[in-house]
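Each chain, written out:
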Amino acid sequence: MFTLITLYSTIIPISLYVSIEMIKFIQSTQFINKDLCMYHVETDTPALARTSNLNEELGQVEYIFSDKTGTLTRNLMEFFKCSIGGEVYGNGTTEVERGSAQRNGMTLGEVQKSTTTIREKGFNFDDARLMQGAWRNEPNPEACKEFFRCLAICHTVLPEGDESPEKIKYQAASPDEAALVTAAKNFGFFFYRRTPTTIMVRESHIEKMGKVQDVSYEILNVLEFNSTRKRQSVICRYPDGRLVLYCKGADSVIFERLADGQSGIKNLTRENLEQFGSAGLRTLCLAYRDLSINHYESWNEKFIQAKSSLRDREKKLDEVADIIERDLILIGCTAIEDKLQDGVPSCIETLSKAGIKIWVLTGDKMETAINIAYACSLINNNMKQFVISSETDAIREVENRGDSVETARFIEDTVKQELKKCLEEAQHCLSTASGQKLALVIDGKCLMYALDPSLRGHLLNLSLNCTSVVCCRVSPLQKAQVTSLVKNGARKITLSIGDGANDVSMIQAAHVGVGISGLEGMQAVMASDFAIAQFRFLTDLLLVHGRWSYHRLSKVITYFFYKNLTFTLTQFWFTFQTGFSGQRFYDDWFQSLYNVIFTALPVIILGLFDKDVSASLSKRYPELYKEGIRNAFFRWRVIGVWAFFSVYQSLVFYHFVSASSRSAQKWSGKMFGLWDVSTMTFTCMVVTVNLRLLMACNSITRWHHISIAGSILAWFVFIFLYSGVMTPYDRQENVYFVIYVLMSTFYFYAALLLVPIVALLGDFIYQGLQRWFFPYDYQIVQEIHKDSPDDSSRATFMEIRNQLTADEERSYAISLLPRETSKHTGFAFDSPGYESFFASQFGVYAPQKAWDVARRASMRSHTRTTPHRTLNQNY
Amino acid sequence: MDVDGRPQSVPVLSRRQKVIYQFTQQNLPACKPVLTPAWVIATFLSLGFIFIPLGLLALVASQSVVEIVDRYDTDCIPEVFRSNKVAFIKDDSIPKNCTRYFKVHKPMKAPIYVYYQLDNYYQNHRRYVKSRNDRQLLYGLRYNDTSSCKPEETNSGLPIVPCGLIAWSLFNDTYRFVRGAGELRINRKNIAWRSDREHKFGKHVYPFNFQNGTLIGGGKLDPTIPLSDQEDLIVWMRTAALPSFRKLYGKIEEDLEENDVIEANLFNYYNSYSFGGKKKLVLSTSSWLGGKNDFLGFAYVAVGSSCILVALFFILFHVKNPRPYGM
């Protein structure tokens, strides 16, 4: 009995593990690490797969948790625009504006940069009206002067290095401040030295054009920035004794502190602020106030008192500062671009089309976070937004009472109510089927309470219904908590992406961690599973590599299962005929080498080279990714189909061969023995199993042919040698000469033609029917693009794209079109719609989409409802 | 692909580099078979048109074979012993001869092969299959590590050649055929595969101490003839795959005419009764495809015609209810 059971041990393929490891290893080291599409030229960083275990999970990601700064944005603050006295300065369009313009179908030409433009880290401002002293000719040069001085004086930046404009480096607490000081430098107000009491500024063009003078400002007080004050002030004394308070801060704070009678400039500036804000810029308002000596002296006493007080110093300082920061005169505002990384909005749009939900977890303020979310098209105005914030008046009021226990209880109650309300609304929204997408914005403090076990369920429910979620002001720990909430609650594959040390916990919490190998050090990369240089490479990583890996590995595993089941089942049918004595059907060597040699290589080739659709189509039809999220290729039904056909095939092998070998097989009337029959069966099986693999392939390269022909050949070479040579080590069941006996009969060839074809016929019919009646999405795309060329130009094109202008690119793209080579007529590709595909890929306005044409073509032939009409409608 | 627009700065890659480049960028040239309805239909049709003629050919070959099968295991036992066949077969004192007659329905061309067929005989049982020693068969007594032959390894301290259960259970019914007045000579040479005769059974190995035990299994061997010439043993030792099998007994090298009556004088020695096995005598001619076996022909024809049916079904469906391409 035990012997009998050991016969079936082959059903567990030990070589599966080895093969899969090998496939994954090559996938990650050769494909992911060396993909030119994920290579960042500027920083010379290729993608890096730090583990080879997660390749297939990349194809099933449903939730992405992303950090903001450094991940979505470049973490490079650049002075971009400003408004002085109501006048806007600075040309140029932000990425956000370009993105929204493109969505509205406008073409934005590349703005010609004037020759005077200075490009420098932190400064991307282009307007000749302010440069090189030209501001003197502007309507209000005085305001300009104050504006620049405010930039040069009101900060806490430390200069470092040589005191020349080219070589100096500014050390600032935030990159925004450095950008502002750099801007002042470029406007001709070069801050070059700081002593404990003075700031030295080299001012140009003050009295007349071209004149440079060093001015030393005495710093009397610095009223530092904090998050409640949202402003920063410096009181300084000019060399001529003038006392001025310069203040910069958030618009809401500054505007309520302005002196009366500035409604004109106030309104103009407010308009400008809105304009800047919608362009995704970070704004600050600048203001100043002249102080009289008496007023200052009396205030300074209070200030010193507050400063030296032992209790509640912070609070007292704030109060004192509040006294002097009044009656301000508005100068204008600055706009700093926290530049989105290249391609982030389109990447996010693609990913969300692929059915991936993107959550932004950031330590930034709510406004900034929402701004960025808008900028990268995570949130738009068509979405219903739920905002759960702790910055409401009611909460602030309770907080001011100072009872921390009561505050906590109050916030908890509020969060609870909000969550319930939002959940109801969300359910209402979804039940009315208005198709409106939902977005949730929540801040860290509320999240703290919402993550409480009693509310966790509500939060999960609500957030899973939302297409995008923004969590702001969250701590690294909360990032990890949110990630594991979804990971454990939704039981979906999650991916975290971040660049800094504060993202490490989140990266480790998710199934797949991705690190941006960027500016903020290596901690995130060291903790991650994959490292990429830019956020936009996530499209390639997930939609191309992940999807392919998932496809390939599910095929490899199901195929392995199939081939071993088939092998074992033939043995199984045989045991019925041996009185369950446990006699082996196959020679030991056949059995051992079946997985190792005769069927090993082709499946690895499949795992490496199979492509259902090309990389560009994977990205063009992101909806294909949903098949991975649904796990459409590795579910019980798929395995069941394979199992069914392996039962069928094994029956065919065993019974066809045994039934047809009952009589003599030759003129000479001699009969076959056990080993002749088993060798015949095994030959048929090796041929069939290898050919079956070919049927499973979507793209067949030379290597497929070589490996499959090689495997079948390997079997014949083996059996020729094995049965041709008699050695002292032969065992009892001698297969000596068996293959030659077999091959001397016509029967061998007749059976070798018949059996594999009959065995494969079942699969062939099934595949035909399945493709015909229940096609997978990828099969539809395959059919649409059957005649389009392989994207072998993909990487080549990318290399040279950098050297071409936009127009050249477009013509190059069109030159690649298969118009001459394609023999297919009467379908979409002849029509003008086809060009628009490439056009739209390069950001040129595309009047007609290829799939529109495709749909029209298909509707012309027949209008019939298919289960996949929805797919087309999505396009 | 049009690459004229390529700037000069793109480095020209060597062939090897190009392959590696295509490999890492996953851009190896590939063909992409898409299983379209046209393909499916064409494949089925062509399969059908290839298979049906092949099947007919095989059927013709099989039908041209004339086969006479006669089951004699029960009929060759005298009426009185019918209730206890085993006792009959074990009793050496009772003569075992038996005469059978059969008529030739179709002319049979020489050579006519004589087979014995055993049913319900598990020659593929694990213990049976391994109870032999190929080294001993080839080298005889020079080779003495015959532990695999148990329980027929030694007898009264002396090794047995050929050892093992398979040899021990050698089939030993004998047949003689008489047509009219003259005897039909059975040629019992060249009934085993040449490779077995020449490479598996030694030319200088003679049976030794064979069937000398208390329990006699089957036939005895002439100890003066080397194993390589004992072809009935060689045939027997090529164990069958299935519990029902035929083995070649000999050849009649005379044509048989229609309506000839053949008298078969056989000695029913072999004990298949203790395990309920059936014994049959088979006379058969042969074709290029071997003996009478319609299976291959039928299978070809059936598969071919079902291919055409499926193709027709697909065509009908395609015409009546086409799936818009790419929908």
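What counts, and where the lines are drawn
- Residues numbered from 1 in each chain as written.
- Chains lettered and ligands numbered in written order.
- Predicted model: local features only at pLDDT ≥ 70, side-chain atom pairs only at ≥ 80, totals over all residues.
- Heavy atoms only, no water.
- UniProt positions renumbered as here; feature names shortened; annotations may be inferred.
- Disulfide = S-S within 2.5 Å.
- Helix = DSSP H or I, 4+ residues; strand = E, 2+ residues; numbered from the N terminus.
- Expected span 1.5 Å × (residues − 1).
- Bend = angle between axes of the 7 residues up to and from the residue.
- Buried < 20%, exposed > 50% of the residue type's maximum accessible area, 1.4 Å probe, protein only.
- Axes fitted to C-alpha atoms, helices over the stretch in contact; angles between N-to-C directions.
- Parallel < 35°, antiparallel > 145°, perpendicular 65-115°, else oblique.
- Left-handed = near helix turned anticlockwise from the far one by under 90°.
- Contact = heavy atoms within 4.5 Å.
- Nonpolar A, V, L, I, M, F, W, Y, C, P; charged D, E, K, R; others polar.
- Core = buried A, V, L, I, M, F, W, Y, C linked by side-chain atoms within 4.5 Å.
- Phe/Tyr/Trp six-rings, centres within 6.5 Å; stacked < 30°, edge-to-face > 60°.
- Lys NZ or Arg CZ within 6 Å of the ring centre and 35° of its normal.

Chain B is annotated in an unreviewed UniProt entry as ALA-interacting subunit of Stephania yunnanensis. What UniProt records for chain B under Subcellular location (unreviewed entry) is the sentence "Membrane".

As recorded in an unreviewed UniProt entry, chain A goes by Phospholipid-transporting ATPase and comes from Stephania yunnanensis. In its Catalytic activity (unreviewed entry) section, the UniProt entry covering chain A states "ATP + H2O + phospholipidSide 1 = ADP + phosphate + phospholipidSide 2." Word for word, the UniProt comment on chain A under Sequence similarities (unreviewed entry) is "Belongs to the cation transport ATPase (P-type) (TC 3.A.3) family. Type IV subfamily."

Trainee: Can you break down the state of the cysteines residue by residue, with the values?
Mentor: Residues and elements named next belong to chain B. Enumeration according to the criterion identifies 2 disulfides over all chains in this entry. For Cys 76, the disulfide goes to Cys 98, at an S-S distance of 1.9 Å. In this structure, the disulfide formed by Cys 76 and Cys 98 twists by about -65° around the S-S bond and is classed as left-handed. Residue Cys 76 is found in the loop between strand 2 (67-71) and helix 3 (85-90), and its partner Cys 98 is found in strand 3 (residues 97-103); the two are separated by 22 residues along the sequence.

Trainee: Can you lay out helix 19 (residues 537-576) of chain A for me, pointing to particular residues and giving the numbers?
Mentor: All names here are of chain A. Between its terminal C-alpha atoms helix 19 stretches 57 Å, which fits the 58 Å expected from 40 residues at 1.5 Å a residue. Its axis deflected by about 30° at Gly 546, helix 19 carries its strongest bend there. Burial of helix 19 is extensive: 36 of the 40 residues sit out of reach of the surface.

Trainee: How would you explain the packing of helix 28 (residues 746-773) of chain A against helix 2 (residues 37-63) of chain B if you had to name every residue and give the values?
Mentor: Between two packed helices, what matters for the description is the angle formed by their axes and the separation of those axes. Viewed as axis vectors pointing N to C, helix 28 of chain A and helix 2 of chain B meet at an angle of 155°, and their least axial separation amounts to 11 Å. Regarding the angle of helix 28 of chain A to helix 2 of chain B, the classification is roughly antiparallel. Considering the relative orientation of helix 28 of chain A and helix 2 of chain B, their crossing is left-handed. Residues Leu753(A), Leu754(A), Ile757(A), Leu761(A), Phe764(A), Ile765(A), Gly768(A) and Trp772(A) of helix 28 of chain A lie in contact with helix 2 of chain B, whose contacting residues are Pro37(B), Val40(B), Thr43(B), Phe44(B), Leu47(B), Phe51(B) and Leu54(B). Per-class residue counts for the contact of helix 28 of chain A with helix 2 of chain B are 13 nonpolar, 2 polar and no charged.

Trainee: Please give an account of the nonpolar core that cites residues and values.
Mentor: Counting residues in hydrophobic clusters, the biggest one holds 94 residues, and the most contacted among them are Phe682(A), Trp715(A) and Leu754(A). The biggest single contributor to this core is helix 25 (residues 674-696) of chain A, with 12 residues. Leaving out residues up to four positions away in the same chain, Trp715(A) has contacts with Phe590(A), Phe598(A), Thr679(A), Phe682(A), Thr683(A) and Val686(A). Formed by 58 residues, the second largest nonpolar core is a distinct cluster that contains Cys98(B), Met108(B), Leu137(B) and Phe177(B).

Trainee: Tell me what's going on with the packing of aromatic side chains, and back it up with residues and numbers.
Mentor: Within this structure, the stated rule accounts for 90 aromatic pairs over all chains. Between the aromatic rings of Phe567(A) and Tyr594(A), the centroid separation amounts to 4.5 Å while the plane-to-plane angle is 25°, which identifies the pairing as stacked. Taken together, the residues Phe567(A) in helix 19 and Tyr594(A) in helix 20 (residues 588-598) connect sequence positions 27 residues apart. By relative accessible area, Phe567(A) is classed as buried at 2%. The buried category is assigned to Tyr594(A), whose relative accessible area is 1%. Linked through ring pairs, Phe567(A), Phe574(A), Phe585(A), Tyr586(A), Phe590(A), Tyr594(A), Phe598(A), Tyr654(A), Phe682(A), Trp715(A), Phe718(A) and Tyr722(A) together constitute an aromatic cluster. Above the ring of Phe88(B), the side-chain terminus of Lys96(B) is found at 5.3 Å from the ring centroid. The ring of Tyr249(B) has Arg188(B) sitting right over it, with the charged end atom 3.9 Å from the ring centre.

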